[in-house]
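Now for the letters of each chain:
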Amino acid sequence: MNSSRSVVGKNLHKVDGYKLVTGRPAFTDDIHIPGMLYGKILPSPHAHARIKHIDTSRAKNLPGVRAVLTYKDVPRVPHTTAGQSWPEPSPYDTYLLDSKMRLVGDRVAAVAAESRAIADEALRLIEVEYEILPSILEIEVAMLEGAPVIHDEPDSTGIHDARHNVAGHILKEIGNVEEGFRESDLVIEHEYRTQRQQHCAIEPHVTISWLDSDDRLVIRTSTQVPYHTRRQVAMILQLPVGRVHVIKPRIGGGFGGKQEMVLEDICGALALATRRPVKIEYTREEEFYMARSRHPQILTIKMGFKRDGTLVANKMSVLATTGAYGSHANTVQGNTGSKVLPIYRTPNMRFECNVVYTNTPVAGAFRGYGCPQGYFAQESVMDEAAHKLGIDPVELRKKNMIRLGDIDALSAELGEGKKGLPRHIRSCGLPECLDRGAAAIDWVRKRKEYSEAALSSRRHDSHLRRGVGVACSMQGSGIAGVDWAAASLKLNEDGSFNLQVGAADLGTGADTVLAQIGAETLGVTLDKMIVYSGDTDFTPFDVGAYASSTTIISGGAVKKAAEKVRAEILRIASKMLETPADNLTCRDNMVVTKCECKKSVSMTDLAYYAMYKEKVQVMENASHWNTDSPPPFCAQFAEVEVDRETGLIRVLHLVTAVDLGVAINPMQAEGQSEGAVAQSLGYGLTEEMVLDEFGRVINPSFLDYKMLGPKDMPKLTTILVETEEPLGPYGAKSISEIPINAPAPAVANAVFHAIGVRFHRLPIRPEDVLLGLREKRAC
């Protein structure tokens, strides 16, 4: 938005791009340490069982085996694996190794051996006798009286109601929804169901641990949260925090699945037991049942409207499962309410949620963090209301949407942030998102044309129908009052700067964006920024990469540190140029005067003067946090073609118009948007982790778990709607999560426009379309 900027807002190459495209070592597994052992975990074959007896003697005696660990060999420390700020809001219900198994894939034992083959053989030699317990696989059964209790251990803490398998409970009401429904002219209520979705990052979870020359535990790992991981591993293994060193190399995708301590604790335990380097890497199959997934939910939503389309009351009830452990249980589901309901203004809102344990794969953080589930339900009802009221779906949303200057009180009570901090809408480009998105998909013409075509006698026999649909969403930018980050900047003799940040670039381009913020502030080109990130020994603290926080929180810290360095540079330059500092500015790798008498000094000359004349190291640190979480906004439009003979849904065009504040790197922002859209289309149409009657995942491979491929993708149009966010560095908000929220409901709404059938569960498969058409004809 500001044309005078030289680095921010520019499509510059990623700072780590060269090493990636040339295949230089960058990822966790790109090193081999002499003497490294291979770790493997014995998974439970049962969804719910107790270990009556375990014999590891044959495994220990196998040549090449260096350690075998069971619950008898490690400390019993209740904890959460969720990578969240202390004190974590998730239950402490997990143990390094335990005598009770709560899902297929739970840890029974761990081994370290000289090769993968020996480790696999050692697992086969471990003899385990189980007491099989009744299991709970269905969400609706978990809270019933007499249901098996999954967490009956006395030492777990933070569980809302262990006896009824309730990990967490949320209830908040603003106004009076029942009174609102009585005042409404139209009330719509439906139940919606969403499924388990796997992250499917290209790089699986992988960790390498060893003891350094000072006998400190070093953990090189693919994580989004190096500092949280250090704290948690130290607690679990009963080590001082200072004896644990976590290194985050380049990450091959995370999407929330690596906002979790999945392997670091057990890999560290094996390294301590063997005093040798140990590597554990999940196979693709293990990713499906031993890692994390999106929370399945059953949502009941009830919305009341006046005849003119005014929303009077909005009530959402959610029953979700966290799986066998409560990682992110309350916070994900809290977002289903706090970041979904307030997008439409109404004086009466109510959100209630129970998060239950089941003997199923553990759910956790996933891009969108509870919002895709909620928006599928809410945006479907909004579309139905528009149809019944005879109002254009875009216009109904415009009439009710949150506006600039509004205060969102619900998020202050339901969100992840510090309670009592209401969200102020200081920037909002949602109206422009709707207008530009509608224009890009040719909304008005196609709504009319496709509606007429469906009724036209000349198209009566055609088996193909087209439709267009819309859905809106908002997200957040960091966790208000909780997330914070620090940054350090140091000037070198050649005028370059070392930028050290604890932030975790997981393929999002965070290192590049942070370097652009620093370079813009210092008036230097991007090549002058040398970024080092995600190392608990050498970079300052950062909560990590989650909650869409990196640009606004970590970027805020970088901007503050750069401003302090800039002030020191101007102080030194004023002495060198004999000019007041307020008459100087930094640009083009120099300090120059603002007045007509052009005088300048290069950053290189200034650095030499500072270091060898003044004997000063120009270096500053800064920390940053916000008491608010500015929401980005998004309007997404889908055009579909539905085959009424096969049930196949083809998405022809998906338009995303997103208000991200100021785009620090527009090309990267577009890439983030398109990646999120691809995941959401899979969520809406094909992806689902399917369990059998024993709690086993029956499609744990890319062959059987149906992700969309390049040939399945529609035409994608991404529109960056820029606004100025006062709380963000250079006006920036977030972009990484929000585009995943609304494609699924936009597609569902487009399908209704095409064939007149509504769907209340995801994914929408061809057989669901055929069943829906059959039921429609029967009516």
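Residues numbered from 1 in each chain as written. Predicted model: local features only at pLDDT ≥ 70, side-chain atom pairs only at ≥ 80, totals over all residues. Heavy atoms only, no water.

Before going further, it helps to spend a moment on the nonpolar core. The biggest cluster of nonpolar side chains holds 92 residues, and the ones touching the most others in it are Leu 430, Phe 637, Ile 649 and Val 747. Sequence-distant contacts of Ile 649, that is, excluding residues within four places in its chain, are made with Val 640, Glu 641, Val 642, Leu 685, Val 747, Val 751, Ile 764 and Val 769. By size, the runner-up hydrophobic cluster in this structure holds 45 residues, among which are Leu 526, Ile 552, Ile 553 and Val 591. (Core = buried A, V, L, I, M, F, W, Y, C linked by side-chain atoms within 4.5 Å. Buried < 20%, exposed > 50% of the residue type's maximum accessible area, 1.4 Å probe, protein only. Contact = heavy atoms within 4.5 Å.)

The strand order E4-E2-E6 describes an open sheet built from three strands, whose pairing is antiparallel. Each having just a single partner strand, strand E4 (100-101) and strand E6 (127-132) make up the two edges of the open sheet. Pairing analysis gives six bridges linking strand E2 (residues 49-55) to E6, with the strands arranged antiparallel. Residue pairing in the sheet places Asp 55 in a bridge with Glu 127 of E6. (Pairing = 2+ DSSP bridges. Helix = DSSP H or I, 4+ residues; strand = E, 2+ residues; numbered from the N terminus.)

So, on to the pairing of strand E21 (residues 529-533). Sheet topology places strand E20 (residues 497-501) next to E21; five bridges connect them, and they run parallel. If you follow Asn 498 over to E21, its bridge partner there is Ile 530. In the classification by handedness, the crossover that spans E20, the intervening helix H14 (residues 510-522) and the parallel E21 is right-handed. (Right-handed = clockwise from strand over helix to strand, strands pointing away.)

Sheet topology places E2 next to E4; two bridges connect them, and they run antiparallel. Within E4, the residue paired with Arg 50 across the bridge is Lys 100.

The next thing to look at is the domain arrangement of the protein. According to the domain assignment, the protein contains domain 1 (37-133 + 202-253 + 258-290), domain 2 (297-478 + 628-778) and domain 3 (484-625). Computed from C-alpha atoms alone, the centre-to-centre distance between domain 1 and domain 3 is 40 Å. At the interface, 20 residues of domain 1 touch 20 residues of domain 3. Taken over both partners, the interface formed by domain 1 and domain 3 buries close to 1,500 Å², and the fraction arising from carbon and sulfur atoms is 51%. Applying the counting criterion to the domain 1 and domain 3 interface returns one salt bridge. Our count for the domain 1 to domain 3 interface comes out at ten residue pairs in polar contact (both at pLDDT 80 or more). Looking at the side of domain 1 that touches domain 3, the elements with two or more residues in it are helix H5 (226-237) and strand E11 (244-247). When its residues are assigned to classes, the side of domain 1 that touches domain 3 shows seven nonpolar, nine polar and four charged. (Domains from an automatic or database assignment. Buried area = accessible area lost by both parts, 1.4 Å probe. Salt bridge = Lys/Arg side-chain N within 4 Å of Asp/Glu carboxyl O. Polar contact = N/O pair within 3.5 Å; in protein donor to acceptor, adjacent residues only side chain to side chain. Nonpolar A, V, L, I, M, F, W, Y, C, P; charged D, E, K, R; others polar.)

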